[in-house]
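Each chain, letter by letter, is given below.
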Amino acid sequence: MKKSQTTWQMDDLKVYPPLNENIMADVVIVGAGITGITTAYLLAKEGRNVVVVDKGDLNETVSAYTTAFITYVVDTQFVDLINMFGREKAIQVFESKRRAIDLIEKNMRECNFTCEFKRVPMYSFGTDEKQASDLKEDAEEACKGGFPLKEIEGVKLPFPNFGGIETPFQAKFHPVQYLSCLKAKAHEKGVRFYDQTEVVRIEGEKTITVHTAKPGTNGKDATGPSIIANNVVVATYKPMVEPGLTKLKKGTYITYVFELSIPTETFPEALYEDGENPYHYFRVDKGLGVTSSGKVDPSLDRLIIGGEDHRQEIPIDEDKNYSALEEYTKKILGDIPYTIVRRWNGPIIEPSDGLALIGRYDKKHPNHYSATGFSGNGMTYGTLAGMMFADMILGRKNEYEELYNPRRTHTLRSILYKGRDYTEELIHGALKNSVRRTKSKGKTK
């Protein structure tokens, strides 16, 4: 069993050379994950002079540690979105992410690559009657907003559950393949990419100077090359520059993931999530399971399952979280044989009011942009951020600017709703697992 490499990291990944001279650009993007590469590609299509720098390479970005769900269903229930922000804004949240899914599909069609992209349903199910009832209420409200969620009975899914909802026409893909291809297409259109280039400081208002570390010094020597630009997009997982107030609007969590091989046709190919807190989620990829030698076997499906999230600050032996996740996996699979291929954990930034922080983060710097707080929805939020940044930089009004404005004031109602969720997650996740005895693992390789 591999403990560090994720399903998506590629041995044959194209790596771009580091920056070794001072340069100029219209737009400099810090971070080459899904937000940075999407922004660069969209701006390049409009003829903008774009530079993208990243302190590592694509295999090291947070985008390589995702489970790559592509869905407009967010971690906050639709009913709660209505209660916190009103029906119009709740609809906007789902609609913005639906447009992000469509853009991912459009990009692949334009660039003529597939990257395991497939439209599939998403099943949200209850592990008790209360969860199932809440999910069905969510489906009713979402349907009123124009989203075709529908109720399902427990017998619909081939594992223990109390029913829930089906959201059709969601998607999944191979995130690193997708971003590697999109990066290459953006490069063909003139975007300059520099890997292994660490940004240490950003200065300036109208004219921006991005200072990088001297190559090979791991950020300890700030005398490396610089980039002068008119706009800067900070597209890193944790923005390196932001006002103190924005820093208080989010928290960092850790989620745990297994890749399994299971007999094909065990479950329908789809996305799945339960209604627990912390919740569990998994995807089934037909015919992509691997044998003990690491070869893809069409008689095996790949199942990627995650959960057991907790605040990063809480010190928990990670083996206890993996043990809890395997116990849950066994409940889902029953007597079905499985092999754990690899495991990893990844970071999640949760916004305190449940919505991502995307846009101009400081009134004094209207040409500085950042995006963070994607919760468990990084693929769609990262794509949406790219759409929004391209519009803003090109001087076009984006209808979602106000909704995701990083400077927005969080209401007491939204803080109370999300505070309840995060407290439940703490009690039922981190505290429970902190006293758990680590159990022996199942069959691994």
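Just so it is clear, the model here is predicted, and its values are computed rather than measured.

What counts and what doesn't
- Residues numbered from 1 in each chain as written.
- Predicted model: local features only at pLDDT ≥ 70, side-chain atom pairs only at ≥ 80, totals over all residues.
- Heavy atoms only, no water.
- Helix = DSSP H or I, 4+ residues; strand = E, 2+ residues; numbered from the N terminus.
- Expected span 1.5 Å × (residues − 1).
- Contact = heavy atoms within 4.5 Å.
- Polar contact = N/O pair within 3.5 Å; in protein donor to acceptor, adjacent residues only side chain to side chain.
- Core = buried A, V, L, I, M, F, W, Y, C linked by side-chain atoms within 4.5 Å.
- Buried < 20%, exposed > 50% of the residue type's maximum accessible area, 1.4 Å probe, protein only.
- Pairing = 2+ DSSP bridges.
- Axes fitted to C-alpha atoms, helices over the stretch in contact; angles between N-to-C directions.
- 1 Å grid on protein atoms, 1.4 Å probe; cavity = no way out; pocket = protein on both sides within 12 Å on 5 of 7 lines; lining within 4 Å.
- Points joined across faces, edges and corners; volume = space filled by probe spheres on them.
- Nonpolar A, V, L, I, M, F, W, Y, C, P; charged D, E, K, R; others polar.

1. A few points about helix α4 (residues 129-144)
End to end, α4 covers 23 Å across 16 residues, agreeing with the expected 22 Å (1.5 Å per residue, within 8%). In the core, the buried residues of α4 are packed alongside α2 (78-85), α3 (87-111), β5 (118-125), β6 (150-152) and β7 (164-172). If you check the start of α4, you find a side-chain oxygen 3.1 Å away from the backbone N of K130, and it comes from D128. Directly beyond the C-terminal end of α4, a positive phi value near 100 degrees is found at G146.

2. As for the nonpolar core
L81, V93, Y178, I358, Y381, L384 and Y404 are the most contacted members of the largest nonpolar core, which totals 84 residues. Sort the elements by how many residues they give to this core and helix α8 (residues 378-393) lands first, with 10 residues. Not counting chain neighbours up to four residues away, the residues in contact with V93 comprise V74, L81, L355, Y381, L403 and Y404. Of all hydrophobic cores here, the second largest spans 24 residues; its members include L260, V284, I332 and L333.

3. Examining the sheet that holds strand β18 (residues 357-360)
Read from one edge to the other, the open sheet built from six strands follows the order β8-β3-β2-β12-β19-β18, with strand pairing classed as mixed. Looking at which strands have only one partner, the edges of the open sheet turn out to be β8 (192-194) and β18. Direction aside, neighbouring strands of the sheet carry axes that sit 10 degrees apart on average. Strand direction decides the pairing type here: β18 and strand β19 (residues 368-372), joined by four bridges, are antiparallel. Paired with G359 across the strands is S370, a residue of β19.

4. Considerations on empty space enclosed by the protein
If you walk through the whole model with that rule in mind, you get one cavity of 30 Å³ or more. Each pocket or cavity is described by its volume, and for the largest cavity that value is around 30 Å³. In terms of lining, the largest cavity is formed by P18, L19, Q196, T197, T212, A213, P215 and P225. Taken together, the residues of the lining of the largest cavity break down into five nonpolar, three polar and no charged.

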